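Read off the chains here:
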Amino acid sequence: MATSQVQNDQFGDLLRALRLQRRLTQEELAEAAGSSVRGIREMERGRVRSPQRRTVVLLADALRLAGSDRDRFVALARAERQPHDGGTVPPDRPTVTVPGELPSAVPDLAGRTEILQRLAALATEVAAGRSDTASVVVLHGPPGIGKTSLAVVAGHRLSGAFAGGQLFVDLQSASPDGPVDPAEALAGLLRSLGVPDSRVPASSAERGGLFRTLTRDRSLLVILDNAANEAQVRPLLPAGRECLVLVTCRRPLAGLAGAVRQPLDLLAPAAGRALLAAIVGADRIGAEPAAADQLVTLCGRLPLAVRIAGNRLASRPQWSVGWLVDLLRDERRRLTLLTAGDLGVRSAFAVSYRQLDPVTARVFRRAALVAGGDFAPALVAVVAGIDEETAAAALEELVEAGLLLTLGDRYQFHDLVQLYARERLDAEEAPTHRTSAHDQLVGWLLRRTRQAGALFEPAAARCADSPFDDDRAAAYWLDRESGNWLAALRDAARRGRHTEVVAVARALHWYSDANSHRHPWDEIFSLGVAAARAAGSPSDEAVLLNCLGWARYFCQDRNVDGLAALARALELARRIGDRREQAWALTYTAAILVRTGRAGAAVDHSRRAVGLFREIGYALGEQSAASAQGGALAALGRFAEAAELHRGVLAFHGRGTGLSRTGAAVARAGAMMSLGAALAGMGRLRDAADQYARARRVFHRCGATFSEANAVHRYGLALASLGEAHAAAEALRAALDLYAALSCPWWEAQTLSALAALAGAASDPAAARLLRQRALDRCGELDAPQVRTLRATLRRELAGS
C-alpha cells in the first residue's frame, strides 16, 4: 500500500477515533461542522485524500481540538504523498499524483440509462481529444432529483477513459455558511494534483493559472458537485482538451458558455418500482405491485423520496408496502414521513427556499394557494399582491432554483414541493393574511370567468369592461385556466358565496354550447342550481335547471336525469310565469324525446316552444326550437318538412343574430348537421355528406371537438352508404379518436359498430368480431332505448360469428 494511502487512512482513523471519543455520531459531527454525513463517512474511510482546508478547520473546531492535538490533526489532513521507499520529496516541488477522489457510488441508480449512455459517448470523444466536443456537462434539476448520485455513478463508469485521474469537489451551494469560495476550491484541487501547500499561490488568479497549467496536458475527469452559480464554476474548469467536467447544480447555469445541459426528469413509474425493488427486495415489491405503484406516485416519482420510502420499508420488514402507502396519503404528515436518517425531502427543499429573496419567497408561499394544476404569472400576481412583471421574474427565479416546473409558458409545483410551500405559508404568514390572499384569488377568478363567459352571450348582455379582446381570447383563457376557475367556483359554493356562483354559472351558458364536452358542465350547473335555490332566486334556478338538463342529456347521455331536471325547470318557470324558460325546457325535452324514440311527443313539445318564443319575440330561441322540431319530424320520416325547417334555421344564422363570432359559427354548423340528416333520410346522400364536411370544417375551426367528431361520424356513415368503404372507414376512425379523447362511450360504441359492419362487408370476420366486442364494452352500463337496441344487436352478431 502506498504511503499516501496510509496517511489518508491515518487521518480517517484519527477522525473516527476523536469522534467516538467525544461520543458523537456522524450525523452530529456533520451538523456541528456544517458538513455532510456522506463527507464525514468518506473521510473516515480514507476515500477523501485531500480534505479542504476550511472543512478540516471546522472539524477541528467541532471536535474541540487545541494545541498539539489540533496541529497533528490538521497536518495529517494536508500531508503530502511520500514515495513508497521512504525517500523524501523537496517541499517546494509538486509531485506527479494520480488522484482518485470519487465517493462511493450508489448501487441501485434507476431510470438514468439513456443519460449514462450519452455521457459515455461524450467521454469517448473528449478522451480522444476532439476539439469540437463539449467538455462540460451540467446535470441540473430540482432538489432530490438525484444529480450527485448520477454524477458519481457516471464518474466511476467513465474513469477508465481518463488516465490522469478523477477529481471531486463539493462546492457546498447548500451550506448554511455559504458556498465554497473558488479560490479555496482551487487550492484543494492543486493539492490533489500534488502541489504542496508551500507552492499553492496566494491569489485566486494565480491558483487558477497554475491549475490550468497542470491540467493542460492531462486526461482528467472532474466532478464539481453542488455548484452555486457560473462564477463559482468557471475558475475550476481544467484547460486540457482531454478533460471532462460534470457539474451538478439546481440551476441550468445558462451563462456557462459551451456547456452541454442535461436536465434530470422525474423517474418513470417503472424506474421508481425498480428502485424500490433494489432497496426493499424484488419479492416484497412484487407481492404488492399496485401498492408499489401508488407509493411511487405518492413520492411524486422523485428519486430522493422513493429512496427514503424504500429505506423506511427496508428498516421495517414487518411493514407492508400498503401500510406505508396509507400513512403517506395524509398530506400533513407526508414530508415528515419522507425522512430517514440524514436524508429528508423537506430539508432538500429548505436549502433552496432559504436562498430566495423576500419577494420570491412570498410568491413561492402564496402560489401554494392556487388550486389548479398550473398557473400563469397574472394569477400569481393577484395572490401575492404584486404586479405581473414582478411575478413573472419571481416565477423564473423559482424555476432556476428548482422549486417550480415549467409547462410551456405556465408553471406548476411538484406535488411534494407544493406541500412544502403550504407548510411555509402556514408557518410564516398570519391566518388573516392567508385568508385575505385566498379570498382575493377566488374573487378575481370568479370575476374574470364571468367576464369571459359574457363574451359568448348575445351582444346586449356583454360586459363593457371586459379584459378580453373577443370571444376567442375569452375561450383561450377559460380553457387554460379551467382548473383554477372551477376550483374557485367550488370554493365559493362551499363558503356560501351564492350570488357569485349563480352569476358565473349563468355567464357560462352560451360558452358551454360551443364547448360541450370540455368541462364538467353537470357539476358547474348543479352548483349554480343549488346556489340559486339557497339565494331564494327561482328565476335563476329555472335558467340553471335548463342548463343542467342540457348538460346531462347532451354531454353525458343521461337522458332520464336530463328529463328530471327539465321537468323541474318547466314546473318552476310556469309557477313564476317565465315563458322563456318554459320554452327552453320544452325545446331540450323535445331533443331527449327524439333520442328515446318518442318523436311524436317531441313534435308537440317543440311546436309549443316555438309558439312561446314567438310570443315573447325571442327569435334566437324560436330558431333553436324549430331545429328541435325538424329533428323530431325527421325521426318520424317526414324528411322534406324537416329539411325545410333546417334551411330556415341555417338562413337565420347566416344573418346577424347577436351571438359571438364563435357561437354564430357553431350554430350555423349545427344547422348544417341537421339539414344533412334530413337530406340523408331523403336519399340525397352526396348532398348530406357535403353538409357534414362543411360542418366539420367549421367545428374544427371553432374548437368544438365533440361536434366535430359527430360531423366526421355522420360523414363516414354517408360515405359507407355510398359504397365508399375505404374513405368511410378512414372518417369513422378519425371520429373514434375524437370521441375517445373526450371519453364519450355511447358515441364510441356507435362508431365501433359502424366500423365492424365495414369490416364484415370486407370479409374480415376477425376484425369485425373484435370491433363488435369493443363496441359492446363501450356500451357498458348505459341505459337508454337506443343503447339497449345496439347492445342486443351486437350480442346477436357476436353469437352468429
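Bear in mind the structure is a predicted one, so any value in this text is a computation, not a measurement.

Moving on: the overall build of the chain. Helix and strand counts for the chain stand at 40 helices and 9 strands. For the chain, with 801 residues in total, the buried portion stands at 53%. Nonlocal contacts in the chain, meaning residues at least 24 apart in sequence, comprise 67% of its contacts between residues at least 6 apart. For the chain, the exposed area adds up to about 34,300 Å²; of that, 50% sits on carbon and sulfur atoms. Treating the 98 positive side-chain charges of the chain as one cloud and the 87 negative ones as another, the clouds have centres 3 Å apart.

With that settled, the discussion passes to the sheet that holds strand β2 (residues 166–170). Taken together, 5 strands build an open sheet; the order of strands is β2-β3-β4-β1-β5 and the sheet is parallel. At either margin of the open sheet sits one strand with a lone partner, and together these are β2 and β5 (260–263). Between one strand axis and the next, the sheet turns by 15° as a mean value, whatever way the strands run. With 5 bridges joining them, β2 and strand β3 (residues 221–227) adopt parallel strand pairing. Opposite valine 169, over in β3, you have leucine 224 as the bridge partner.

Taking 1.5 Å per residue as the helical rise, helix α20 (residues 388–400) with its 13 residues ought to reach 18 Å, and the 18 Å between its terminal C-alpha atoms agrees with that figure. Buried-residue contacts for α20 involve α18 (358–367), α19 (377–384) and β9 (410–412). Here α20 starts with a cap whose side-chain oxygen sits 3.1 Å from the backbone nitrogen of glutamate 389, and that cap is aspartate 387. Downstream of α20 by a residue or two, glycine 402 has a phi angle that is positive, lying close to 80°.

Our focus in this paragraph is a negative patch on the surface. A grouping of Glu27, Glu28, Glu31 and Asp342 is seen on the molecular surface, where their side chains present a negatively charged patch. Along the chain, glutamate 27 turns up in helix α2 (residues 26–33).

Moving on, we come to a positive patch on the surface. Residues Arg472, Arg694, Arg697 and Arg701 make up a contiguous surface patch of positive charge. Broken down by element, the residue count for the positive patch peaks at 3 residues, all from helix α35 (residues 685–702). Residue position: arginine 697 is located in helix α35.

Take the confidence of the model for the chain next. Residues of the chain with pLDDT of at least 70 account for 95%, and the chain-wide mean is 90. Counted against residues more than four places away or in other chains, residues 1–9, with its pLDDT under 50, gives 19 contacts. This stretch, residues 80–93, has a pLDDT under 50; its non-local contacts, to residues over four places away or in other chains, come to 29 contacts.

In terms of burial, strand β1 (residues 136–140) is a largely internal element, 5 of the 5 residues being buried. On β1, burial covers both faces: Val136, Val138 and His140 on one face and Val137 and Leu139 on the other are all buried. Where β1 and strand β4 (residues 244–249) come together, 5 bridges link them in parallel fashion. Directly across from valine 136, in β4, lies its bridge partner valine 245. Examined bridge by bridge, β1 and β5 share 4 bridges and lie parallel to one another. The residue of β5 that forms the bridge with leucine 139 is glutamine 262.

Attention now moves to the nonpolar core. Within the largest apolar cluster, 153 residues are counted, with the highest numbers of intra-cluster contacts made by Leu244, Leu295, Phe364, Phe375 and Phe525. It is helix α28 (residues 538–555) that provides the largest number of residues to this core, a total of 9 residues. When neighbours within four sequence positions are excluded, phenylalanine 375 is seen to be in contact with Ala367, Val370, Val380, Leu395, Leu404, Arg410, Tyr411, Gln412, Phe413 and Asn484. Ranked by size, the runner-up nonpolar core spans 33 residues in total, among them Val666, Leu675, Ala678 and Ala689.

Our focus in this paragraph is the environment of leucine 14. Secondary-structure assignment places leucine 14 in helix α1 (residues 3–21). C-alpha separation for the pair leucine 14 and arginine 72, spaced 58 residues apart in sequence, amounts to 9.7 Å. When neighbours within four sequence positions are excluded, leucine 14 is seen to be in contact with Arg72, Phe73 and Leu76.

Moving on, we come to the environment of leucine 29. With respect to the helices and strands, the residue leucine 29 is situated in helix α2. Residue leucine 29 is classed as buried on the basis of its relative accessible area, which comes to 0%. Along the sequence, leucine 29 and arginine 772 sit 743 residues apart, while their C-alpha atoms lie 70 Å from each other. Contact partners of leucine 29, with chain neighbours within four places excluded, come to Leu15, Arg19, Leu24, Ile40, Leu59, Ala62 and Leu63.

In this structure, arginine 301 is a non-glycine residue whose phi angle is positive, near 60°. Counting through the fold element by element, arginine 301 comes out in the loop between α13 (289–298) and α14 (303–315). Backbone geometry places serine 763, a non-glycine residue, at a positive phi of 60°. As for its position among the elements, serine 763 is in the loop between α38 (745–761) and α39 (765–779). Overall, the relative accessible area of 65% leaves serine 763 in the exposed class.

It is worth spelling out the pattern of salt bridges at this point. This model, assessed by the stated rule, comprises 41 salt bridges. Put simply, Arg365, Arg366, Arg424, Glu428 and Glu429 are held in one network by salt bridges that share partners.

Moving on, we get to the pairing of β4. The element β4 is extensively covered by neighbouring structure, given that 6 of its 6 residues are classed as buried. Because side chains alternate across β4, one face comprises the buried residues Leu244, Leu246 and Thr248, and the other comprises Val245, Val247 and Cys249, equally buried. Pairing of β3 with β4 involves 5 bridges; the strand directions are parallel. Its bridge partner lying in β4, valine 222 is registered against valine 245.

Looking now at helix α9 (residues 204–215). Taking 1.5 Å per residue as the helical rise, α9 with its 12 residues ought to reach 16 Å, and the 16 Å between its terminal C-alpha atoms agrees with that figure. Where the residues of α9 are buried, they touch β2 and α8 (182–192).

With that settled, the discussion passes to the packing of aromatic side chains. This structure, assessed with the given rule, holds 23 aromatic pairs. Considering the side-chain rings of tryptophan 550 and phenylalanine 554, the 5.8 Å spacing of their centres and the 15° angle between planes classify their relative orientation as stacked. Of this pair, tryptophan 550 and phenylalanine 554 are both found in helix α28, 4 residues apart, which corresponds to roughly one turn of the helix. Residue classification places tryptophan 550 among the buried positions, given a relative accessible area of 6%. Overall, the relative accessible area of 23% leaves phenylalanine 554 in the partly exposed class. Every member of this aromatic cluster is reached through a ring pair, and the members are Trp510, Trp550, Tyr553, Phe554, Trp584, Tyr588, Phe613, Tyr618, Phe706, Tyr739 and Trp747. Of note, arginine 316 hangs over the ring of tryptophan 319, and the distance from its end group to the ring centre comes to 5.0 Å.

Another aspect to go through is the side chain of threonine 148. On the secondary structure map, threonine 148 appears in helix α7 (residues 147–158). If sequence neighbours within four positions are ignored, threonine 148 has contacts with Arg38, Asp225, Asn226 and Thr248.

Close contact between helix α34 (residues 661–681) and α35 brings their axes to 8 Å; oriented N to C, the two are set at 160°. By the angle class used here, α34 and α35 are roughly antiparallel. Pair α34 / α35 crosses with left-handed handedness. Of the residues in α35, those in contact with Thr662, Ala665, Val666, Ala669, Gly670, Met672, Met673, Leu675, Gly676, Ala677, Leu679 and Ala680 of α34 are Leu685, Asp687, Ala688, Gln691, Tyr692, Arg694, Ala695, Val698, Phe699 and Cys702. Of the residues in the contact of α34 with α35, the class split is 16 nonpolar, 4 polar and 2 charged.

Conventions and cut-offs
Residues numbered from 1 in each chain as written. Predicted model: local features only at pLDDT ≥ 70, side-chain atom pairs only at ≥ 80, totals over all residues. Heavy atoms only, no water. Helix = DSSP H or I, 4+ residues; strand = E, 2+ residues; numbered from the N terminus. Buried < 20%, exposed > 50% of the residue type's maximum accessible area, 1.4 Å probe, protein only. Contact = heavy atoms within 4.5 Å. Areas by Shrake-Rupley, 256 points an atom, 1.4 Å probe, with all protein chains shown as cover. Lys, Arg positive; Asp, Glu negative; His and termini not counted. Charge placed at Lys NZ, Arg CZ, Asp CG, Glu CD. Pairing = 2+ DSSP bridges. Axes fitted to C-alpha atoms, helices over the stretch in contact; angles between N-to-C directions. Expected span 1.5 Å × (residues − 1). Polar contact = N/O pair within 3.5 Å; in protein donor to acceptor, adjacent residues only side chain to side chain. Patch = residues over 30% accessible without salt bridge, like charges linked within 9 Å, V, L, I, M, F, W, Y side chains within 5 Å. Salt bridge = Lys/Arg side-chain N within 4 Å of Asp/Glu carboxyl O. pLDDT = per-residue confidence, 0-100. Core = buried A, V, L, I, M, F, W, Y, C linked by side-chain atoms within 4.5 Å. Phe/Tyr/Trp six-rings, centres within 6.5 Å; stacked < 30°, edge-to-face > 60°. Lys NZ or Arg CZ within 6 Å of the ring centre and 35° of its normal. Parallel < 35°, antiparallel > 145°, perpendicular 65-115°, else oblique. Left-handed = near helix turned anticlockwise from the far one by under 90°. Nonpolar A, V, L, I, M, F, W, Y, C, P; charged D, E, K, R; others polar.

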